[in-house]
Amino acid sequence: MVTNPADRHLVETMLNPHAAFGMTVVAEGIEDEATLTALRDAGCDVGQGFHIARPMPQVKFDAWLDARIMEQLVAQQDDHPG
């Protein structure tokens, strides 16, 4: 998708109708930062793949998710101080 304009166009074409109907779009198989960024820029809402996290047991996932949520909360506070 990142290096092939036809692939990027195909992904964006699939994302547009979903956004128009208020649907959440999930991308699977994200394996690098460039793809994650391109999907975000194209309007993808949620992603999953080795770049984000490798498979893990539930206990480790819970701790990983808690840490991610905390990171986002801190980032939001940094963006909107006060």
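These figures come from a predicted structure and were not determined experimentally.

Parameters at a glance
- Residues numbered from 1 in each chain as written.
- Predicted model: local features only at pLDDT ≥ 70, side-chain atom pairs only at ≥ 80, totals over all residues.
- Heavy atoms only, no water.
- Core = buried A, V, L, I, M, F, W, Y, C linked by side-chain atoms within 4.5 Å.
- Buried < 20%, exposed > 50% of the residue type's maximum accessible area, 1.4 Å probe, protein only.
- Helix = DSSP H or I, 4+ residues; strand = E, 2+ residues; numbered from the N terminus.
- Contact = heavy atoms within 4.5 Å.
- Arc of directions from axis to C-beta.
- Polar contact = N/O pair within 3.5 Å; in protein donor to acceptor, adjacent residues only side chain to side chain.

Novice: How do you make sense of the nonpolar core when you look at a structure like this?
Specialist: Soluble globular proteins: nonpolar side chains tend toward being buried together. Counting residues in each nonpolar core, the largest one holds 11 residues, listed as Met-1, Val-11, Leu-15, Val-25, Ala-27, Ile-30, Leu-36, Ala-38, Leu-39, Ala-42 and Cys-44. Taken together, the elements giving at least two residues each to this core come down to helix H1 (5-20) and helix H2 (33-42). If you tally residues by element for this core, the top one is H2, at 4 residues. The contacts of Ala-42, once residues within four sequence positions are left out, are Glu-12 and Leu-15.

Novice: I would appreciate a short explanation of H2 in the present structure.
Specialist: A turn of α-helix holds 3.6 residues, and therefore any two residues three or four places apart point the same way. For H2, the complete set of buried residues consists of Thr-35, Leu-36, Ala-38, Leu-39 and Ala-42. When H2 is viewed along its axis, its buried side chains cluster within an angular range of 165 degrees and face the same direction. Relative to its buried face, H2 has exposed residues pointing more than 90 degrees away, namely Arg-40 and Asp-41. Taking the backbone nitrogen of Ala-34 as reference, a side-chain oxygen 3.3 Å away marks Asp-32 as the first, capping residue of H2. Residue Gly-43 follows H2 closely and has a positive phi angle near 105 degrees.

These results come straight from atomic positions and should not be treated as a statement about function.
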